[in-house]
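Analysis of the macromolecular model
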Amino acid sequence: SQELEQSPQSLIVQEGKNLTINCTSSKTLYGLYWYKQKYGEGLIFLMMLQKGGEEKSHEKITAKLDEKKQQSSLHITASQPSHAGIYLCGAQVDRGSTLGRLYFGRGTQLTVWP
Amino acid sequence: DAGVTQSPTHLIKTRGQHVTLRCSPISGHKSVSWYQQVLGQGPQFIFQYYEKEERGRGNFPDRFSARQFPNYSSELNVNALLLGDSALYLCASSPRRTTSTDTQYFGPGTRLTVL
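Residues numbered from 1 in each chain as written. Chains lettered and ligands numbered in written order. Predicted model: local features only at pLDDT ≥ 70, side-chain atom pairs only at ≥ 80, totals over all residues. Heavy atoms only, no water.

Focus on the state of the cysteines
Which entries qualify depends on this criterion: When the sulfur atoms of two cysteines come within 2.5 Å, that pair is taken as a disulfide. Strands here are runs of E lasting at least two residues and helices are runs of H or I lasting at least four, both read from the DSSP assignment and numbered beginning at the N terminus. The cut-offs for exposure are 20% and 50% of the maximum accessible area for each residue type, with area from a 1.4 Å probe on protein chains only; residues under the lower value are buried, those over the upper are exposed, and the others partly exposed.
Under the defined criterion, the tally for this structure stands at two disulfides over all chains. Two residues, Cys23(A) and Cys89(A), share a disulfide whose sulfurs are 2.1 Å apart. Taking the sign of the torsion about the S-S bond as the criterion, the disulfide between Cys23(A) and Cys89(A), at about 80°, is right-handed. Of this pair, Cys23(A) sits in strand β3 (residues 19–25) while Cys89(A) sits in strand β9 (residues 85–92), placing them 66 residues apart in sequence. Each member of the pair, Cys23(A) as well as Cys89(A), is classed as buried. Covalently, Cys23(B) is tied to Cys91(B) through a disulfide, its sulfur atoms 1.8 Å apart. Between Cys23(B) and Cys91(B) the disulfide shows an S-S torsion of about -60°. By sign, it is left-handed. With Cys23(B) in strand β3 (residues 19–24) and Cys91(B) in strand β9 (residues 87–94), this pair connects stretches of sequence that are 68 residues apart. Comparing Cys23(B) with Cys91(B) shows no difference in burial state: the two are buried.

A short note on the interface of chain A and chain B
The following threshold applies: Throughout, a residue-residue contact means that at least one pair of heavy atoms, one from each residue, lies within 4.5 Å. As a working definition, buried area equals the accessible area (1.4 Å probe) given up by two parts on being put together, with both sides summed. Salt bridges are identified by distance alone: a Lys or Arg side-chain nitrogen within 4 Å of an Asp or Glu carboxyl oxygen.
Opposite the 24 residues of chain A that make contact, chain B presents 30 residues. Both faces combined, the contact of chain A with chain B buries some 2,000 Å², and carbon together with sulfur accounts for 51% of it. Between the two partners, chain A and chain B, sit zero salt bridges. Looking at the side of chain A that touches chain B, the elements that each hand over two or more residues are β4 (30–37), β5 (43–49) and β9 of chain A.

Here we look at the packing of aromatic side chains
Quick reminder of the rule: Put simply, two rings from Phe, Tyr or Trp (the six-membered ring, in Trp's case) pair if the centres are within 6.5 Å, and we call them stacked under 30 degrees between planes, edge-to-face over 60, tilted for the rest.
Applying the stated rule across the entire model yields twelve aromatic pairs over all chains. Pairing Tyr35(B) with Phe45(B) gives two aromatic rings, centres 5.7 Å apart and planes at 70°, and the pair type is edge-to-face. You can see Tyr35(B) sitting in strand β4 (residues 31–37) and its partner Phe45(B) sitting in strand β5 (residues 44–50), a full ten residues away along the chain. An identical accessibility class is assigned to Tyr35(B) and Phe45(B); each is buried. Of the aromatic side chains, those joined through ring pairs into one cluster are Tyr33(A), Tyr35(A), Phe45(A), Phe104(A), Tyr35(B), Phe45(B), Tyr105(B) and Phe106(B).

Brief notes about the sheet that holds strand β8 (residues 74–78) of chain B
Residues and elements named next belong to chain B. Let me state the cut-off plainly: A pair of strands counts as paired when DSSP detects no fewer than two bridges linking them. Only the contacting stretch of a helix is used when fitting its axis, a line to C-alpha atoms as for every element, and angles between N-to-C directions run 0 to 180 degrees.
With antiparallel pairing, the four strands of this open sheet are ordered in space as β1-β3-β8-β7. Bordering the open sheet on either side are β1 (5–7) and β7 (64–68), each of which pairs with just one other strand. Across the sheet, the axes of successive neighbouring strands diverge by a mean angle of 15°, strand direction being ignored. Two elements, β1 and β3, share three bridges in a ladder whose sense is antiparallel. Of the residues in β3, the one forming a bridge with Gln6 is Cys23.

By themselves, these are just geometric observations and shouldn't be taken as functional.
The structure is reproduced here in structure tokens:
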């Protein structure tokens, strides 16, 4: 079963446009992580959110965790071709589950065309 | 500082064979987790090891096993390979027995193809 739902599955935007990727769970998220992956390669850590209502930014990427800690969004401002890749959200969804076991969404494939 | 390293980068095996994948965590990290990522899916948790002991296991058959060495490096072993084992195998390290506050840093992965 898919613990985390990501939307959209794919996104094609023109360079300079803003975009948002969503990650939703029916369970409380404990430690929500955003990673970026180039096709067939490892995951690059972007940001980690823990507290309800938390928001973090790095360069042109902002991630938020809602107050209920069941939904997170990743927002990219003024997208560039270097932002292209697969964005994955991962999280612990059960406090009683194995510590360190992250559940992942299926990923969002982002294409940025010049 | 070097990140998480994995070897080999690519591997081709035939059904029924055995495979060993290797992972070296970031220096100072004591926890290693293994994930399987099938094409088009997110990573699926296989194992977590901390201080050389198995601390968690995902929903994978007993054909999958792993171990962690005194230097905190780890091996993932898969016996009796099936076509469905073809995937990208990812190793992640974190400083401690991972809690919700510890970030897992991933290696580049090993691409396993089973023919």
